[in-house]
Amino acid sequence: MKNLVHDQNHFEDELSRIFDNAAIEPSSKVWQDIDHRLGNKVENAFQTAFQDALLQPSDLVWQNIAKNLDAPPFEKLLKNTFENAELLPSDHLWKGISDQLDNSLENSLQKVFANAELEPSKNTWKGIAKNLDSSFENSLQKVFGKAELSPSKKVWQNIEKALLPANHWLSATIWKKIAVAAACVCLMLGGVYVFNSKKLPTAEKQVGKKTDSTNVPENLTKNSEQKNIAKNSVENAEILSNKNEKTTTTTFDNNFTSSKSINIVKVEKNVPSTKNQVKDLNAQENKIVQPTIIENLKLVDLSDFQTLAIDYNSKTPILTLVLPVAFQSENEKTEYAYFVGISGFANQYNPNFALTSANAYLIPSPFLAGDRLGDTNKFHNSLLDSVRNLSSYSFGIDFGKKLTSNFSLQTGVHYTASSFVIDHIVNQLPPKDSQFAGFGINFKNMVHSNTEWLSIPIKIVVQSDRKGLNYGISGGLSADILLANTLKSDLSFVQYNLGANNRLNLSANMGLTISYPLFDRLDIGAEMNYRKALNSLYQSDMVEAKPHWLSLGLGLKFKL
Amino acid sequence: MQNHFQGNEEWLISECISGNSKAQRQLYEQYSKKMYVVCLRYSKTTFEAEDMLQESFIKVFNHLQDFQKDCPLEFWIKRIVINTALKHNRRKLDKAPTEDVTEMLNEPSDDAVVLSNYNFQELLAMIQKLAPRYQMIFNLYAIEGYKHKEIADMLGINEGTSKSQYARAKVILQKMLIQDENPVYEKFSP
């Protein structure tokens, strides 16, 4: 049985082996059928038919295509759609989030621990208490109770420096400002004093004289020159070439009587030859010589007359200028491009006369007008040497524009008044038919000149541009309109005329300035400047006057 | 109100108020040395102390007219000096790291140290070695004599903090003192 089963399995295995790789070629009919079925004639026919087939789609289709082509791409549409898409989460979801964000727990914890205190353990307190035992502290306090050490000197120096402003009712800054202002005033006053101290000795100071009790000073002289004039008339006046010629002195040689009363002035020969003598004489001479008129003359003993001698050589012309202020300090804030200011000056003035023709030296002077006049000390000399009391002042408003941080252009309008006195001794001759013909009488005269100008300067100012005190220089031209120019004589019978005036004049100026900011927009400044006329004040061919001024001034400038 | 001033000091104060620089100098000379030591106690360097002193005296002179004369002038000046010192130190405290003070509980203190053996310069040097907060609290409590409650108000801390930090400072200082009394010669000891 067992062998039977074995044989049967063997048979199946053998069958499997035989049929596993068994292959039989199908019949040709089968192949034909298959070929027929696989033949692609129909497909080819369809392909051929539809290969170039075209059919116009309907308008609707085309419209849809066009619409889709114009529209943004699908992705973009999606992106746009979802980009700002918002959807309120459900209440349930929100509640969950809210629960998560709630800090009530933290708040509770903070509250709990904020004022939490726990008594430390007894051991802790014991340790602390032990350390808090006051015996240690008492010992330390004793040690340090009287402990002293000297700090460095620098400490006090710094304290002193810091206390400086507090020691004054004004702050140091204000104090500095006031100091600068005061310095400016002192500078100006000092300058005026110095200039005025240079005034020339006056004629009366130079004449050493003794007066009698009547004290009406008259200088009655006779000299050879005058005698010559008396005899030969004015037409024969000589031309003197020596401008420095001194008045010669002669003593009248005999009694001289007149029906008119004359107060006599004795003029001694003591001509001051040195400065000390002049000073002594000045001290003695407190009385001002009064102008004399003919009617007051009394008969005098001419023998009593001595010398009238005047030395004008010691005179030194003093000159000056007036300039509109140049408080050019522009402060550090360059945004203030413009400024307006006021200023005032004290000036030292010099008319600066010069004789330009020989005719100016005629005797009697061609500048004199009057009856029977002589010219004892020659007016042309007086013009050059006997000008004194040269005072002047000016004030005005200034405008300016800051061109750069260091350059400014400035103009303004300034009024200037100047005056001076010319000492002159005029000689009046007696009438020709008088018994005193040939004897002239000298009268001391003073000619007062007053000149007023309106100046419009324009100048460039170069200055430092620092915080605080600034320095600068200025220079420019000024148009000077002559408002008035008078020559007034003390003696009514004699007049002086130097010629017609030039109404419009031109002058050049230059100056030094300092300024200091009082406040943010207000500067105080001082200026010293020099101005000189470029043309003569007179339309004359015999004399010219190109005045000049030396000025010291103060001003305020408000920045706009 | 009790007036603590008689004679010369009254005059000195009025002169200082009116800006008399000589009087100011005299007042400064009178109190600056003591106040300098105070400043040194609250500072780490002499430079810092002089800075405090300078600032303090400028305040003194600028506010002398506000002095009510209800206490000795020295106290009033010292209060200004201390306030100035605290102001200086507060700046440092903002930057200084906080320290754990709990460990001090285990630190022993040694009361056996005799302070009288030291001069104030030696103690000063030790105080200056303390951390700024300890230094302040130590000075205020141990030397100035303020209460911990007052110190707490002055420094804006809890009273307990003041106490514990003071205790810690004291321990540190006592350690320094002990170390100073028994120096360890590690390298050179035989």
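Residues numbered from 1 in each chain as written. Chains lettered and ligands numbered in written order. Predicted model: local features only at pLDDT ≥ 70, side-chain atom pairs only at ≥ 80, totals over all residues.

### What about the overall build of chain B?
Along the backbone of chain B there are 8 helices and 0 strands. Scanning chain B from its N terminus toward the C terminus, one meets helices and strands in the order α-α-α-α-α-α-α-α. Taking all 190 residues of chain B together, the buried fraction comes to 33%. Here the analysis covers contacts within chain B between residues at least 6 apart in sequence; of these, 69% occur between residues at least 24 apart. (Helix = DSSP H or I, 4+ residues; strand = E, 2+ residues; numbered from the N terminus. Buried ≥ 20, exposed ≤ 12 C-beta atoms within 10 Å, placed from the backbone. Contact = placed C-beta atoms within 7 Å.)

### Thoughts on the interface of chain B and chain A
At the interface, 35 residues of chain B touch 30 residues of chain A. At the level of secondary structure, the elements contributing two or more residues to the side of chain B that touches chain A comprise helix 2 (21-41), helix 3 (46-62), helix 5 (120-129), helix 6 (132-143) and helix 8 (159-181) of chain B. No other element matches the 10 residues that helix 2 of chain B contributes to the side of chain B that touches chain A. Here the residues of the side of chain B that touches chain A are counted per class, giving 18 nonpolar, 10 polar and 7 charged. (Nonpolar A, V, L, I, M, F, W, Y, C, P; charged D, E, K, R; others polar.)

### Section: the nonpolar core
Grouped together as the largest cluster of nonpolar side chains are 45 residues, with contacts concentrated most on Cys39(B), Leu53(B), Val81(B), Ile137(B) and Phe138(B). Broken down by secondary-structure element, the contributors of at least two residues to this core are helix 9 (134-145) and helix 10 (153-163) of chain A together with helix 2, helix 3, helix 4 (73-95), helix 5, helix 6 and helix 8 of chain B. Counting 35 residues, the second-largest nonpolar core is a separate cluster that includes Ala360(A), Leu373(A), Phe379(A) and Trp549(A). (Core = buried A, V, L, I, M, F, W, Y, C linked by C-beta atoms within 7 Å.)

### Let's talk about the confidence of the model for chain B
Residues and elements named next belong to chain B. Here chain B shows a mean pLDDT of 81. Residues at 70 or above account for 79%. Here residues 186-190 scores under 50 on pLDDT; set against residues more than four positions off or in separate chains, the count is 0 contacts. Interface confidence for the predicted complex, expressed as ipTM, amounts to 0.82; the pTM equals 0.36. (pLDDT = per-residue confidence, 0-100.)

### Observations regarding the pairing of strand 14 (residues 522-533) of chain A
Residue and element names in this part refer to chain A. In terms of burial, strand 14 is a largely internal element, 9 of the 12 residues being buried. Pairing analysis gives 11 bridges linking strand 13 (residues 504-517) to strand 14, with the strands arranged antiparallel. In the sheet register, Tyr-516 faces strand 14, and the bridge partner there is Ile-524. Relative to strand 17 (residues 548-559), strand 14 runs antiparallel, the two being bridged by 11 bridges. Among the inter-strand pairings, Asn-529 is bridged to a residue of strand 17, identified as Ser-551. (Pairing = 2+ DSSP bridges.)

### A word on the packing of helix 10 of chain A against helix 3 of chain B
The geometry of helix 10 of chain A relative to helix 3 of chain B is characterised by a closest axis approach of 9 Å and an angle of 35° between their N-to-C directions. Remark: the crossing between helix 10 of chain A and helix 3 of chain B carries right-handed chirality. Contact residues: helix 10 of chain A offers Val155(A), Asn158(A), Ile159(A), Ala162(A) and Leu163(A), while helix 3 of chain B offers Glu50(B), Leu53(B), Gln54(B), Phe57(B), Ile58(B) and Phe61(B). Taken together, the residues of the contact of helix 10 of chain A with helix 3 of chain B sort by class into 8 nonpolar, 2 polar and 1 charged. (Axes fitted to C-alpha atoms, helices over the stretch in contact; angles between N-to-C directions. Left-handed = near helix turned anticlockwise from the far one by under 90°.)

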